[in-house]
Amino acid sequence: MKEKLRAEFIERHKIEPEIIVRSPGRVNIIGEHTDYNNGFVLPASIDKAAYMAISLRDDDQIHLLAKDLNETFSISIPELKPIGDVSWPNYILGAVAQFQKKNIPLKGFNAILTSDVPIGAGLSSSAAVECATVFALNELLQTNLSKIEMVLMAQKAEHEYAGVFCGVMDQFASVMGKRDHVIKLDCRSLEYEYVPFNLDGIKILLLNTNVKHSLASSEYNTRRLECEQAVAWIKEQQPEINSLRDATEEMLDKYVLPKDSLIDQRSRFVVQEIDRLHKGCNDLVKGDINALGKKMFETHNGLSKMYGVSCKELDFMVDLVRNNDAVIGARMMGGGFGGCTINLVKEDAIDELVDMVKTAYEKEMELPLTYYIASIENGTSII
Ligand code: GAF
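For clarity, every value in this text was computed on a predicted model and none was experimentally measured.

Asker: I'd like a rundown of the nonpolar core, residues and numbers included.
Answerer: The biggest cluster of nonpolar side chains holds 60 residues, and the ones touching the most others in it are V27, I29, V182, F197, I204, L206 and L344. In terms of residue count, the dominant contributor to this core is helix α8 (residues 261-286) (eight residues). When sequence neighbours within four positions are dropped, the list of residues in contact with I204 reads V27, I29, F197, I342, N343, L344, Y372, I373, A374 and I376. Residues I62, M153, V168 and L190 belong to the second largest nonpolar core, which totals 55 residues.

Asker: Report on the site of the ligand, specifying residues and quantitative values.
Answerer: Around the ligand sit 13 residues, and of these E32, H33, D35, D170 and Y220 come closest. Take D170: an N or O atom from its side chain is 2.7 Å from an oxygen atom of the ligand. In this structure, an oxygen atom belonging to the ligand sits 2.6 Å away from a side-chain N or O atom of Y220. Protein chains bury 96% of the 300 Å² of accessible surface belonging to the ligand in isolation. In terms of residue class, the shell around the ligand is built from five nonpolar, four polar and four charged.

Asker: Requested: an account of the packing of helix α6 (residues 220-237) against helix α7 (residues 249-256), with residues and values cited.
Answerer: The contact between α6 and α7 brings their axes to 9 Å, and the two run at 85°. Taken together, α6 and α7 sit at an angle that is classed as roughly perpendicular. When α6 is examined against α7, the residues A230, W233, I234 and Q237 are found in contact with a partner set consisting of M251, L252, Y255 and V256. Of the residues contributing to the contact of α6 with α7, the split by class is seven nonpolar, one polar and no charged.

Asker: Describe the environment of N343, naming the residues involved and giving the relevant values.
Answerer: Turning to its location among the elements, N343 is positioned in strand β11 (residues 340-346). Through-space distance from the C-alpha of N343 to that of P89 is 32 Å; in sequence the pair is 254 residues apart. Sequence-distant contacts of N343, that is, excluding residues within four places in its chain, are made with K203, I204, L205, L207, V321, G329 and A330. A polar contact of 3.0 Å, which involves the side chain of N343, links it to the side chain of T341.

Asker: Describe the pairing of strand β5 (residues 71-76), listing the residues and the values that go with them.
Answerer: Summarising the sheet, strand β4 (residues 61-66) and β5 pair through six bridges and their orientation is antiparallel. By the bridge assignment, I62 is partnered in β5 with I75. Connecting β4 to the antiparallel partner β5 that follows it, the hairpin turn spans four residues, and N70 within it adopts a positive phi of roughly 55°.

Asker: Now, about the pattern of salt bridges: what can you tell me, with residues and values included?
Answerer: With the rule as written, the count across this model stands at 25 salt bridges. Among the salt bridges present, the one from R223 reaches E226, with a minimum N-O distance of 3.2 Å. Here R223 and its partner E226 are both found in helix α6, three residues apart, which amounts to about one turn of the helix. Notably, a salt bridge pairs D253 with R268, separated by 2.7 Å at the nearest N-O pair. With a gap of 15 residues between them, D253 in helix α7 and R268 in helix α8 connect regions that are remote in the sequence. Taking the relative accessible area as the measure of exposure, D253 reaches 39% and is therefore partly exposed.

Asker: Explain unusual backbone geometry to me, using residue names and the numbers behind them.
Answerer: Phi is positive for Q142, which is not a glycine, with a value near 50°. Relative to the helices and strands, Q142 is located in the loop between α3 (125-140) and α4 (147-162). Among the residues examined, Q142 registers a relative accessible area of 67% and is labelled exposed. Backbone geometry places E366, a non-glycine residue, at a positive phi of 55°. Look at E366 and you get exposed, because its relative accessible area is 69%.

Asker: Give me the environment of E160: which residues, what numbers.
Answerer: By secondary structure assignment, the location of E160 is in helix α4. When its relative accessible area of 33% is taken as the criterion, E160 is described as partly exposed. Through-space distance from the C-alpha of E160 to that of T34 is 21 Å; in sequence the pair is 126 residues apart. In contact with E160, not counting residues within four places along its chain, are P82, Q98 and K101.

Asker: Account for the sheet that holds strand β12 (residues 370-374), naming residues and giving values.
Answerer: With antiparallel pairing, four strands are arranged side by side in an open sheet as β10-β11-β9-β12. Each edge of the open sheet carries a strand with a single partner, namely β10 (327-332) and β12. Direction aside, neighbouring strands of the sheet carry axes that sit 20° apart on average. Here strand β9 (residues 202-208) runs beside β11; their pairing, made up of seven bridges, is antiparallel. Bridge pairing in β11 places I202 opposite K346. Of the strands in this sheet, β9, β10 and β11 touch helix α10 (residues 312-321), which is tilted by about 170° from β10. Lying on the sheet, helix α11 (residues 350-365) is in contact with β9, β10, β11 and β12; it crosses β9 at an angle near 20°.

Definitions and cut-offs
Residues numbered from 1 in each chain as written. Predicted model: local features only at pLDDT ≥ 70, side-chain atom pairs only at ≥ 80, totals over all residues. Heavy atoms only, no water. Core = buried A, V, L, I, M, F, W, Y, C linked by side-chain atoms within 4.5 Å. Buried < 20%, exposed > 50% of the residue type's maximum accessible area, 1.4 Å probe, protein only. Helix = DSSP H or I, 4+ residues; strand = E, 2+ residues; numbered from the N terminus. Contact = heavy atoms within 4.5 Å. Near = heavy atom within 4 Å. Polar contact = N/O pair within 3.5 Å; in protein donor to acceptor, adjacent residues only side chain to side chain. Areas by Shrake-Rupley, 256 points an atom, 1.4 Å probe, with all protein chains shown as cover. Nonpolar A, V, L, I, M, F, W, Y, C, P; charged D, E, K, R; others polar. Axes fitted to C-alpha atoms, helices over the stretch in contact; angles between N-to-C directions. Parallel < 35°, antiparallel > 145°, perpendicular 65-115°, else oblique. Pairing = 2+ DSSP bridges. Salt bridge = Lys/Arg side-chain N within 4 Å of Asp/Glu carboxyl O.

Written out as structure tokens, the structure is:
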């Protein structure tokens, strides 16, 4: 990947790229839709990543090439703004804009981007690009930003240039990931701990429904507003409550359920999911992987029936493996409305399982099934 990208850069720009940055996609074991509720998540960066070859220019021009799409885009720094239909430049421009907002003197640059994170698969392909851009510019402009500052800038890029009011999980996992570890992240304080995730004979299998989701056009932002509404109702009676992180099911019974049963279901899922994450993380630490797997299935049920972010293809995929002895746990992953399921699967049964799922899924859903075995690798770095 690195050599090809370097050669492409030299051919196009007639100079060596100053740096090549790799920024990975992520999986999340448990703790979904909890990040923007100030809760906890348990993600990890994976072996699929975005790669950016980049060099500064002497003027204020930004010239971009998305190698995989064979599309170019150019803009000058004073004209910087989100662009309409074309999506990929926004992730880069949004990251550049964060430097501008911090009054960091910018320079133009040439960049070539390539990625093997499947797009719209719930593996944070956009966060990978945002983080690669912030990381690269931090290096080239010698800005000395901390990794956490870079995470927050990349998250802002998604808010302001992609219109998705995401939590901090994806960008945090991409930048902060550590080989063979998951990150238990407190999304309120941003305190985190690395928990070893090296399960003998068990692999992370991602089954892609190939239902492409676009969180921007989905109900992702609506879910966030529904959670905020629940908090506002609780707050009227208990002013010390600022997020669902601090709410209990008793509070929901008293202050939310009587007002709106749908918002009750949404917020109840989040309260339960934060609790499930803590218990699931303890299972992992104790080595009780079966108990963790069971909770992943519970998370799926909650995401599907209470939180309303699944789809028939994701439900079908999870139901297919639910009673399979080789599958420790499975659930939809990420924002939802399509993309991948994450499955913890006994290694020696993967081929047979994939054959079974592929045949059944393609017949029933009339969509192709693709799959990846994800390994947990380090976060963003210069390669
Ligand atoms: C998407 C978002 F970008 C994350 O912040 C998170 O909310 C996730 O959906 C759901 O857990 O990936």
